[in-house]
Amino acid sequence: MSLFNAYPIFELGKDAAGIAGNIFAFGLFVSPIPTFRRIITNGSTELFSGLPYIYSLLNCLICLWYGTPLISIDNLLVTTVNSIGAAFQLVYILLFLIYAEKPRKVRMFGLLLAVFGIFVVILVGSLKISDSSMRRMFVGCLSCASLISMFASPLFIINLVIRTKSVEFMPFFLSLSTFLMSVSFFLYGLLSDDVFIYVPNGIGTGLAMIQLVLYFYFKRSSCDDSREPLIVSYG
């Protein structure tokens, strides 16, 4: 038995961290709403990409499966947050399919079928593993890899912010929600002694912290620049 699980206070802390993670994750799930409001208003997906929602759906499905009792024990809060996340991503993908032009519609539909196909393969393949610890290891590694790739996806935005010295393409509340959610599930994984939860969320915490530091640094630089006089006197 884990040392953490031996004391009720750790169980209480674990549940509190998991509930907080579910709440903060909601900020991530609703963040694309302004984008889809624009898509619906204009009746077109314009130059927006549907790939982030495809990747997010696959990630949510894998992590949802990991949280079920068939794979890991006492991870209900992992299942709930990823069930809600999968529902949001599916709605976004369906809206994208409605308003996308035909070539992009066909491509997105193909990718959606591929996601469900991959998930079915993972689901059936893991159930064929009779040893429960090996099954947990298999799905846990996939979940961990999926989460790390999701958290690493904003790296190109970090690079863009550094190059342009502008935070225009890095929304503050999205970075903040990612940070708070990652911290919550890092603590949740730590208190439940689950390496497949605390390792990827620890990495996510670090990357989100970098985004927040860059945001405040370049935001302050922009404010300082705006206070400089437009006409410099050399008299």
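Going along each chain's sequence as written, the residues are numbered from 1 onward. Where totals are concerned, whole chains, interfaces and linings use all residues; where local detail is concerned, this predicted model gives features only for residues with pLDDT of at least 70, and gives and counts side-chain atom pairs only at 80 or more. Values reported for side chains reflect all heavy atoms of the structure, with hydrogen atoms and water molecules removed beforehand.

**With respect to the overall build of the protein chain**
The line we're drawing: Strands here are runs of E lasting at least two residues and helices are runs of H or I lasting at least four, both read from the DSSP assignment and numbered beginning at the N terminus. Classification of residues uses two cut-offs on accessible area relative to the type maximum, computed with a 1.4 Å probe and protein chains only: under 20% is buried, over 50% is exposed, and between them is partly exposed. In what follows, residue pairs with any heavy atoms lying within 4.5 Å of each other are defined as contacts. For the accessible areas, the method is Shrake-Rupley and the probe is 1.4 Å, while residue cover comes only from the protein chains on display.
Assigned secondary structure in the protein chain consists of 9 helices and 0 strands. Reading the secondary structure of the protein chain in the N-to-C direction produces α-α-α-α-α-α-α-α-α. Classification of the 235 residues of the protein chain by burial places 39% in the buried group. For the protein chain, contacts bridging at least 24 residues in sequence account for 76% of all contacts bridging at least 6. Of the roughly 13400 Å² of accessible surface on the protein chain, a fraction of 73% belongs to carbon and sulfur atoms.

**Quick notes on the packing of aromatic side chains**
Heads up, the condition is: Between rings of Phe, Tyr and Trp, where Trp is taken as its six-membered ring, a pair exists when centres lie within 6.5 Å; planes separated by under 30 degrees are stacked, by over 60 edge-to-face, and by other angles tilted.
On inspection of all chains with the given rule, the structure shows 13 aromatic pairs. Put simply, the rings of Phe26, Phe29, Phe36, Tyr53, Phe88 and Tyr92 touch in pairs and so form one group of aromatic residues.

**Notes on unusual backbone geometry**
Even without being a glycine, Asp74 presents a positive backbone phi close to 60°. As for its placement among the helices and strands, Asp74 is situated in the loop between helix 3 (51-67) and helix 4 (76-99). The exposure class of Asp74 is partly exposed, given its relative accessible area of 43%. Here Asp193, not a glycine, exhibits a phi torsion of approximately 55°, which is positive. Its relative accessible area of 43% is what places Asp193 among the partly exposed residues.

**Examining the nonpolar core**
In plain terms, the rule: Residues belong to a common nonpolar core when they are buried Ala, Val, Leu, Ile, Met, Phe, Trp, Tyr or Cys residues joined through side-chain atoms within 4.5 Å.
The biggest cluster of nonpolar side chains holds 41 residues, and the ones touching the most others in it are Leu57, Ile93 and Tyr188. Elements supplying a minimum of two residues to this core: helix 1 (8-30), helix 2 (33-42), helix 3, helix 4, helix 5 (102-127), helix 6 (132-152), helix 8 (172-191) and helix 9 (195-226). In terms of residue count, the dominant contributor to this core is helix 3 (10 residues). The contact partners of Ile93, leaving out residues within four places of it in the chain, are Tyr53, Ile54, Leu57, Met108 and Leu112. Listed in part, the 8 residues of the second largest apolar core include Ile157, Val161, Val167 and Phe218.

**A look at the environment of Ile71**
Examined against the element boundaries, Ile71 turns out to sit in the loop between helix 3 and helix 4. With 62 residues separating them in the primary sequence, Ile71 and Ser133 have C-alpha atoms 8.4 Å apart. Residues within four places of Ile71 in sequence aside, it is in contact with Trp65, Tyr66, Ser126, Arg135, Arg136 and Val139.

**Some thoughts on the confidence of the model for the protein chain**
To keep things clear, this is the line we draw: Confidence scores labelled pLDDT are given residue by residue by the predictor and lie between 0 and 100.
On average, residues of the protein chain carry a pLDDT of 86, and 90% of them reach 70 or more. Between residues 224-235, whose pLDDT stays under 50, and residues either more than four places distant or in other chains, the model counts 0 contacts.

**Structural notes on the side chain of Asn82**
Take Asn82: it is sitting in helix 4. Relative accessible area serves as the criterion here: at 9%, Asn82 is assigned to the buried category. Excluding anything up to four places from it in sequence, Asn82 contacts Asn59, Cys60, Cys63 and Leu64.

**Comments concerning helix 3**
The condition is simple: Helix span is expected to be 1.5 Å times the residue number reduced by one.
Across its 17 residues, helix 3 extends 24 Å between first and last C-alpha, which sits within 8% of the 24 Å expected from 1.5 Å per residue. Helix 3 sits mainly inside the fold: 14 of its 17 residues count as buried.

**Quick look at the side chain of Asn201**
Short version of the rule: Counting of polar contacts relies on pairs of N or O atoms within 3.5 Å, with two restrictions inside protein: one atom must be capable of donating a hydrogen and the other of accepting it, and residues adjacent in sequence are counted only when both atoms are side-chain atoms.
For Asn201, the location among the structural elements is in helix 9. Residue class for Asn201 comes out buried when judged on its relative accessible area of 5%. Looking at Asn201, its side chain comes within polar contact range of the main-chain oxygen of Ile197, at 2.8 Å. What Asn201 contacts, discounting residues up to four positions off in sequence, is Leu147, Phe151, Ser182, Phe185 and Phe186.

**Observations regarding a nonpolar patch on the surface**
Under the convention used in this document: Only residues whose relative accessible area exceeds 30% and that form no salt bridge are eligible for patches; like-charged ones are grouped when within 9 Å, while nonpolar side chains (Val, Leu, Ile, Met, Phe, Trp, Tyr) are grouped when within 5 Å. For this analysis, a salt bridge means a side-chain nitrogen from Lys or Arg found within 4 Å of a carboxyl oxygen belonging to Asp or Glu.
Together, Leu90, Leu94 and Phe116 give the surface a local cluster of nonpolar side chains, amounting to about 230 Å² of exposed area. Looking at the element boundaries, Leu94 is found in helix 4. On the accessibility criterion, Leu94 (44% relative accessible area) is partly exposed.

**Observations concerning the pattern of salt bridges**
For the structure shown, the criterion picks out 3 salt bridges. The closest approach of N and O atoms between Asp74 and Lys14, which form a salt bridge, is 2.8 Å. Separated by 60 residues along the polypeptide, Asp74 in the loop between helix 3 and helix 4 and Lys14 in helix 1 bring together distant segments of the chain. Here Glu46 ties to Arg38 by a salt bridge, and the two come within 2.7 Å at their closest N and O atoms. Residue class for Glu46 comes out partly exposed when judged on its relative accessible area of 29%. On the basis of relative accessibility, which here comes to 44%, the residue Arg38 falls in the partly exposed class.

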